[in-house]
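# Coordinate inspection notes
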Amino acid sequence: MLVVGILGVVVMYGGFLYLMFSGRSTAGLPWFLLISPWICIYFGLSQTKQIATINWFKNKFTRN
């Protein structure tokens, strides 16, 4: 899953940036297209790293 996610990030974001910089519309792309490879990367991590990632997001987006 980790390798698939990394390749997905490269291919999808590369295509998105190509469309954006070539002047073509990216309005037809659904938002989850750019998030889906990150989900593959998350599930490709070990359980310890998954929990650490969740804790990082909690600390990042909550106020103390």
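Going by the structure above, here's the rest.
Residues numbered from 1 in each chain as written. Predicted model: local features only at pLDDT ≥ 70, side-chain atom pairs only at ≥ 80, totals over all residues. Heavy atoms only, no water.

In the contact formed by helix α1 (residues 2-21) and helix α2 (residues 31-44), the axes pass within 7 Å of each other and the chain directions differ by 160°. On the basis of the axis angle, α1 is roughly antiparallel to α2. Handedness of the crossing formed by α1 with α2: left-handed. In this structure, α1 uses Leu-2, Gly-5, Ile-6, Gly-8, Val-9, Met-12, Tyr-13 and Phe-16 to contact α2, whose residues at the interface are Leu-33, Leu-34, Ser-36, Pro-37, Trp-38, Cys-40, Ile-41 and Gly-44. When grouped by side-chain class, the residues that make up the contact of α1 with α2 number twelve nonpolar, four polar and no charged. (Axes fitted to C-alpha atoms, helices over the stretch in contact; angles between N-to-C directions. Helix = DSSP H or I, 4+ residues; strand = E, 2+ residues; numbered from the N terminus. Parallel < 35°, antiparallel > 145°, perpendicular 65-115°, else oblique. Left-handed = near helix turned anticlockwise from the far one by under 90°. Contact = heavy atoms within 4.5 Å. Nonpolar A, V, L, I, M, F, W, Y, C, P; charged D, E, K, R; others polar.)

Treat this as a map of the structure, not an account of what it does.
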